[in-house]
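Structural characterization, general
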Amino acid sequence: MATITLEHVSKVYPNGAEAVTDLNLDVADGEFMILVGPSGCGKTTALRMVAGLEEITDGTIEIGGRVVNDLSARERDIAMVFQNYALYPHMTVAENIGFALRLRKLDRSALDAKVREAADILGLTEHLGRKPAQLSGGQRQRVAMGRAIVREPAAFLMDEPLSNLDAKLRVQMRAEVSRIQRRVGVATLYVTHDQIEAMTMGDRVAVMRAGRLQQVDAPQVLYDSPANLFVAAFIGSPAMNLYNATLDEQGQTLRLGEQNLSLPQKMRGQPAIAQHRGSEVVVGIRPEDLTDAAVAGHDGDGRHLEGTVDLIEALGAEKLVHFHIDASRLQSSDARIGIEAEADTEGLASGEIGAATMTAGVARVPPASKIHADERATFLVATERMHLFDPDTGHAL
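Quick look at the structure, then. As the structure is a prediction and not an experimental result, all values here were calculated from the model.

Secondary-structure assignment places D310 in strand 16 (residues 304-314). Overall, D310 belongs to the partly exposed group, its relative accessible area being 37%. Here the alpha-carbon distance between D310 and P153, two residues 157 residues apart in the chain, equals 53 Å. Dropping the residues within four chain positions of it, D310 is found in contact with H322, F323, H324, A360 and A373. Among the polar contacts listed, one links the side chain of D310 to the side chain of H324, at a separation of 2.9 Å.

What follows is about helix 1 (residues 43-51). Judged by how many residues are buried, helix 1 sits mostly within the fold: 7 of 9 residues are covered. Within the sequence span of helix 1, burial applies to K43, T45, A46, L47, M49, V50 and A51. Looking at the residues trailing helix 1, positive phi occurs at G52, about 90 degrees.

In this structure, R268 sits in helix 10 (residues 265-268). Comment: no salt bridge for buried R268; closest opposite-charge side chain is D248, at 7.5 Å. For R268, the side chain forms a polar contact with the main-chain oxygen of L263, separated by 2.7 Å. Setting aside chain neighbours within four positions, we find R268 in contact with G251, Q252, S262, L263, A274 and R277.

Take the pairing of strand 14 (residues 280-285) next. Burial runs high along strand 14: 5 of the 6 residues are buried. Pairing of strand 11 (residues 241-247) with strand 14 involves 6 bridges; the strand directions are antiparallel. In the strand pairing of strand 14, N241 is matched with I285. Across 3 bridges, strand 14 lies against strand 20 (residues 387-389) in antiparallel orientation.

Moving on, we come to the sheet that holds strand 14. Hydrogen bonds between backbone groups are what pair the strands of a sheet, and the pairing can be parallel or antiparallel. Spatially, 5 strands are ordered 13-12-11-14-20 in an open sheet, and the strand pairing comes out antiparallel. Of all the strands in the sheet, just strand 13 (259-262) and strand 20 have a single pairing partner and so form its edges. Direction aside, neighbouring strands of the sheet carry axes that sit 40 degrees apart on average.

What follows deals with the environment of H387. Looking at the secondary structure, you find H387 in strand 20. By relative accessible area, which is 12% here, H387 ends up buried. Spatially, the C-alpha atoms of H387 and V282 are 8.2 Å apart, while their sequence positions differ by 105 residues. Excluding residues within four positions of it along the chain, H387 makes contact with Y223, D224, P226, M240, V282, V283 and G284.

In this model, S237 is joined to P238 through a cis peptide bond whose omega is 0 degrees. At D22, a position not held by glycine, the phi torsion is positive, near 45 degrees. Note on placement: D22 falls in strand 2 (residues 18-27). By relative accessible area, D22 is classed as partly exposed at 39%. The phi angle at E152 is positive, at roughly 50 degrees, despite the residue not being glycine. Here E152 shows up in the loop between helix 5 (137-149) and strand 7 (155-159).

Thresholds, definitions, all that
- Residues numbered from 1 in each chain as written.
- Predicted model: local features only at pLDDT ≥ 70, side-chain atom pairs only at ≥ 80, totals over all residues.
- Heavy atoms only, no water.
- Helix = DSSP H or I, 4+ residues; strand = E, 2+ residues; numbered from the N terminus.
- Buried < 20%, exposed > 50% of the residue type's maximum accessible area, 1.4 Å probe, protein only.
- Contact = heavy atoms within 4.5 Å.
- Polar contact = N/O pair within 3.5 Å; in protein donor to acceptor, adjacent residues only side chain to side chain.
- Lys, Arg positive; Asp, Glu negative; His and termini not counted.
- Salt bridge = Lys/Arg side-chain N within 4 Å of Asp/Glu carboxyl O.
- Pairing = 2+ DSSP bridges.
- Axes fitted to C-alpha atoms, helices over the stretch in contact; angles between N-to-C directions.

Laid out in structure tokens, this is it:
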């Protein structure tokens, strides 16, 4: 059992490109830590530095309390699972799982026992005699994990291991990987660009942007209390609605375009918010904190927003209403968010943020809602769950 510690770790390439800057991160013994961020944010580089596949420019990396800066990948006592399974097609499942142990010349009976134990954990006992070509994608990924498990390493490193699977299988494998990691109980650093994957699997999640750590905390804390605009926009699907607004001189009302929202009493007394009286702020409202006022049956008292409906997505248990209001909305290309230039733009299903998902407001309403496209609609805002950000720094107030 071991921990993984990165202290002031940086990576600068010969051409001057800075991939990772002053990264500080602790992965506790047995902890499942997810490193998430858009493409190009430095998360895979950070993982490769821990693995010994990439030299660090500055800082210290420890595994199990031992500084490993100058140790080769083989000497670091880690096991890595990649997105491509890298299985030997001519070998059986048992032979693939036990390959590393055979290289160590482990006694045959001990080797077989370790392979059977790993197969039991992974649900592969019935498939030990099969070749990779006879397995599903999820089974092949479990074989790759089995090959890591039998080595009994100090730590696991996983680089987007589910990215080659189809959407349905990825959902199933998220639960499988989490179950396996908890049963094995080894410190694990897991890299993904999919924030849904990060939120559902990790004990803690570390969010990166442009080589810098933005926030690290439990998934629910990231969701409820994002440290800045980047984290607010990146965590959550559909993404948080972010609008430019003005706080009145009394610090009681937010003005969004021609509409007003009343600031809850508990927020009015907060010093950081009080300092922005009479000034511009950025207000964040999650889609689930906007609902159809007609269904909710609420009279208002400064909690209503009216908008024009652009599109409705009926999902059965709920509807996603895409709308626009007259207030200016932050786009993904805004420098304080800076996701558009870095992220893949496959869409909402993958949990990524792209330009297409940031151009209009979104409300999550009950299926009974009678809101229609191309009509005006009134939304009830859960103002007590609004988020306010400094418009200059992007930091949460």
